[in-house]
Amino acid sequence: MELDEVTISRAIAESYIKEFLAATEVDVAIVGAGPAGMTAAYYLARGGTKTAVFERQLRPGGGMPGGGMLFNRIVAQEAGKTLLDEFEIRYEQYAPGYYTADALEAVSTICSRAIRAGAKIFNSISVEDVMIRDDDRITGLVLNWSAVSLAGMHVDPLAIKSQVVIDATGHSTEICRIIENKIGARLMTTTGGVVGEKSMWAERGEAEILDNTREVYPGLLVAGMAANAVFGSPRMGAVFGGMLLSGKRAAELALTMLKPER
């Protein structure tokens, strides 16, 4: 069969637009396809929730593919190992309570499992603003191509609706920063704004990340490193078990926030 370039182009454009249009109104929108964001997407989609993830980079995974200083291995502790088992990611015990896994296997597996569960992941899309309505609740995201943002082009964005938003953007806490800049000190933190992450302390950062995974503004949850950065806890480095557990916790919280509106 002879290949037709126009048919190939139409197949790509039409199938993508179909999926993007379907994602203009979702139950949960996740910003950031790092380990926490993709884990949250997996559990939400598996629970039948219409979920879309928007990732600004070309590839998903956040900081996980680089492991520690480009040694593409990650470490998980006993609690985090349960999610490695859930995703069927292979690991080895390095020492009592320390397990190592291939960072690329972990990223690709979690991404695949999230998509197969029904979540949609859109890469190369940045969130440049949010929608907030009169009841002071986040109700959606304002999107643009990452390439447009990087080029500094004046191109108007598009918007999507979402009942719940999860900020899983890592150290930068992009969605919380947008809210902070737009409406001032209104976040549910000790300062009313993004407190900022403390210097590295893996034990404490891992211990606090689940408590920090919570609603920080009406309709907005924080997960992963964004949770620690928003509430002022330490960074953890290449220990990723807490990131996965935070993503699962964010999904559980999002489901409870959706129930009254279903």
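Residues numbered from 1 in each chain as written. Predicted model: local features only at pLDDT ≥ 70, side-chain atom pairs only at ≥ 80, totals over all residues. Heavy atoms only, no water.

Undergrad: Explain the packing of aromatic side chains here, please?
TA: The geometry of an aromatic ring pair is captured by the separation of the ring centres together with the interplanar angle, meaning the angle of the planes. Within the structure shown, the criterion is met by nine aromatic pairs. Plain terms: the ring middles of Tyr-43 and Phe-87 are 6.4 Å apart, the flat faces sit at 65° to each other, and that makes the pair edge-to-face. Placement of the pair is Tyr-43 in helix α2 (residues 35-46) and Phe-87 in helix α3 (residues 78-87), with a sequence separation of 44 residues. As far as the burial class goes, Tyr-43 and Phe-87 line up, both buried. Site record: aromatic cluster; members linked through ring pairs are Tyr-16, Phe-20, Phe-54, Phe-122 and Trp-145. The lysine or arginine in question, Lys-81, covers the ring of Tyr-99, its NZ or CZ lying 5.3 Å from the ring centre. When the ring centre of Phe-231 is taken as origin, the NZ or CZ atom of Arg-214, which lies over that ring, is 3.7 Å away. (Phe/Tyr/Trp six-rings, centres within 6.5 Å; stacked < 30°, edge-to-face > 60°. Helix = DSSP H or I, 4+ residues; strand = E, 2+ residues; numbered from the N terminus. Buried < 20%, exposed > 50% of the residue type's maximum accessible area, 1.4 Å probe, protein only. Lys NZ or Arg CZ within 6 Å of the ring centre and 35° of its normal.)

Undergrad: How should the pairing of strand β2 (residues 51-55) be read in this particular structure?
TA: Successive side chains on a regular strand alternate, one facing one side of the sheet and the next facing the other. Of all five residues that make up β2, five are buried, and the element is covered over most of its length. Judged by which residues are buried, β2 turns out to be covered on both faces: Thr-51, Val-53 and Glu-55 on one side and Ala-52 and Phe-54 on the other are all buried. As defined by bridge partners, strand β1 (residues 25-31) adjoins β2 across four bridges and the pair is classed as parallel. Considered in β2, the bridge of Ala-29 is made with Ala-52. The parallel pair β1 and β2, bridged by α2, forms a crossover whose chirality is right-handed. (Pairing = 2+ DSSP bridges. Right-handed = clockwise from strand over helix to strand, strands pointing away.)

Undergrad: When you look at the sheet that holds strand β3 (residues 73-76) in this model, what are you seeing that I'm missing?
TA: One key point about sheets: their strands pair by backbone hydrogen bonds, in either a parallel or an antiparallel sense. Taken together, the three strands give an open sheet; going across it, the order is β3-β5-β4, and neighbouring strands pair in antiparallel fashion. Both edges of this open sheet fall to β3 and β4 (92-95), since each of them pairs with a single strand only. Across this sheet, the average inter-strand angle for adjacent strands is 40°, counted without regard to direction. The pairing of β4 with strand β5 (residues 98-102) spans three bridges and is classified as antiparallel. Bridging from a neighbouring strand, Gln-93 pairs with Tyr-99 of β5. Where helix α4 (residues 103-117) meets the sheet, it contacts β3 and β5, and its direction lies at approximately 75° from that of β5. (Axes fitted to C-alpha atoms, helices over the stretch in contact; angles between N-to-C directions. Contact = heavy atoms within 4.5 Å.)

Undergrad: I tried to follow the environment of Ile-209 on my own but got confused; where do I start?
TA: In this structure, Ile-209 sits in helix α7 (residues 202-212). For Ile-209, a relative accessible area of 0% gives the class buried.

Undergrad: Help me understand helix α6 (residues 174-183) in this model?
TA: The periodicity of an α-helix, 3.6 residues per turn, causes residues three or four places apart in sequence to face the same way. Residues of α6 that are buried: Glu-174, Ile-175, Cys-176, Ile-178 and Ile-179. Backbone geometry just downstream of α6 places Gly-184 in the positive-phi region, at approximately 90°.

Undergrad: Even after reading the chapter, I still don't get the environment of Leu-58, so can you show me in this structure?
TA: Residue placement: Leu-58 occurs in the loop between β2 and β3. Along the sequence, Leu-58 and Phe-122 sit 64 residues apart, while their C-alpha atoms lie 9.3 Å from each other. Residues within four places of Leu-58 in sequence aside, it is in contact with Asn-123 and Ser-124.

Undergrad: Is there a simple way to think about the layout of surface pockets in this case?
TA: Sizing a probe to match a water molecule and rolling it over the atoms shows the empty space that remains. Roughly 570 Å³ of volume is contained in the largest pocket. Along the walls of the largest pocket sit 35 residues, with Gly-62, Gly-63, Thr-169, Gly-170 and His-171 positioned nearest its centre. Looking at the lining of the largest pocket, its residues break down into 16 nonpolar, 14 polar and five charged. (1 Å grid on protein atoms, 1.4 Å probe; cavity = no way out; pocket = protein on both sides within 12 Å on 5 of 7 lines; lining within 4 Å. Points joined across faces, edges and corners; volume = space filled by probe spheres on them. Nonpolar A, V, L, I, M, F, W, Y, C, P; charged D, E, K, R; others polar.)

Undergrad: For this particular structure, what's the right way to read α3?
TA: Looking at α3, one finds that the buried residues are Gly-80, Lys-81, Leu-83, Leu-84 and Phe-87. The arc that holds every buried residue of α3, seen down its axis, measures 155°, which confines them to one face. In this structure, the buried residues of α3 make contact with α2, β3, β5, α4 and α9 (241-258). Two residues or fewer past α3, Glu-88 is found with a positive phi of approximately 60°. (Arc of directions from axis to C-beta.)

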